[in-house]
Amino acid sequence: MTTAQSPRTVPKRSRARTFIPLGIAAWLVLEIWLLTVVADVAGGLTVLLLLVGAVVLGAVVIKSAGRRAFRNLTETLQRQQQRQPGDAPETGTGSTGNGFLMLGGLLIMLPGLITDVLGLLLLIPPVRMALGRYAERSLERRMREAAAPGSLGDAFQQSRMHRPDGKVVQGEVIKHDDEPRNPGDPGDAGPRPPLTS
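Reference entry: report on the structure contained in this document. Starting from 1, residues in each chain are numbered consecutively following that chain's sequence as written. Per-residue local features are limited, in this predicted model, to residues with pLDDT of at least 70; the limit for side-chain atom pairs, both in listing and counting, is 80 or more; totals at the level of whole chains, interfaces and linings are taken over all residues. Only hydrogens and water are set aside; all other atoms, that is, all heavy atoms of the structure, feed into the side-chain values.

Moving on to the overall build of the protein. By the criteria applied, helices consist of DSSP H or I runs no shorter than four residues and strands consist of E runs no shorter than two, each listed in order from the N terminus. Looking only at helices and strands, the protein has six helices and zero strands in total. For the protein, the residues scored as buried account for 12% of the 197 residues in total. Contacts between residues were defined by any pair of non-hydrogen atoms, one from each residue, lying within 4.5 Å. In the protein, the share of contacts with a sequence separation of at least 24, taken over all contacts with a separation of at least 6, comes to 51%. Exposure classes here rest on a 1.4 Å probe applied to the protein chains alone. A residue is buried below 20% of its type maximum, exposed above 50%, and partly exposed in between.

Shown next, in the form of structure tokens:
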């Protein structure tokens, strides 16, 4: 008598797990090829100077973006401490784009000409602003999609209700029982003992 075993189903590999390693490998091959082409045309010393200069420039960009972010944070904290309790909350103050500026510095520091070009593009303020707006819109869209009725995202969105003047409505939910409880009700049993294993 033989027993039939159910066939094992192998989970499908996601597209990201397939294409991301292939994309990284193609990018590395392209970067190495471009560096060899530049080395053939301009010489190996030029390529070495380009790589060292890119590391120095990337470090300077990251350092200045970090200082700028720390300065903005300090100014925001000082404004919050000086604010009176009845004042409206500040919106739209502070600089944006420090994250993209740091990313640009990191891309410049990575060895390779393509990453250097992408990093230099991120140093241009209109490009950073456009990417920031795009990231903000896509994040808001994803949060709206995730905020289906009854989900945690929906509860989070409802907890951030605003009045028409822009002020956040602070409050808490208080549950009132209209009916008195019976003495034999399990809700009046008192604290429960801790779970033990």
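Still more to cover.
Moving on: a positive patch on the surface. Exposure above 30% relative accessible area and no salt bridge define the residues that can form patches, which grow by joining like charges within 9 Å and nonpolar side chains of Val, Leu, Ile, Met, Phe, Trp and Tyr within 5 Å. Using a 1.4 Å probe, accessible areas were evaluated by the Shrake-Rupley method; residue-level cover was limited to the displayed protein chains. Criterion for a salt bridge: a side-chain nitrogen of Lys or Arg within 4 Å of a carboxyl oxygen of Asp or Glu. Neither His nor the chain ends contribute to the count of charged residues, in which Lys and Arg are positive and Asp and Glu negative. Taken as the charge location is NZ of Lys, CZ of Arg, CG of Asp or CD of Glu. Together, Arg133, Arg137, Arg141, Arg142 and Arg144 give the surface a local cluster of positive charge. Looking at where Arg142 falls in the secondary structure, it is placed in helix H5 (residues 125-146). Overall, the relative accessible area of 61% leaves Arg142 in the exposed class.

Along the chain, Glu31 falls in helix H1 (residues 15-42). Despite its burial, Glu31 remains without a salt bridge, the nearest opposite charge being carried by Arg128 at 20 Å. When sequence neighbours within four positions are dropped, the list of residues in contact with Glu31 reads Gly112, Leu113, Ile114 and Thr115.

With 12 residues, helix H3 (residues 98-109) should reach 16 Å at 1.5 Å per residue; the first-to-last C-alpha distance of 17 Å fits that figure. Residues of H3 that are buried include every one of Asn98, Leu101, Gly104, Gly105, Leu107 and Ile108, and no others. Expected span of a helix: the number of residues minus one, times 1.5 Å.

Our focus in this paragraph is the environment of Val47. Structurally, Val47 is set in helix H2 (residues 44-82). Between the C-alpha atoms of Val47 and Val37, which are 10 residues apart in sequence, the distance is 9.9 Å. Contacts of Val47, omitting those with residues within four sequence positions, involve Leu35, Val38 and Ala39.

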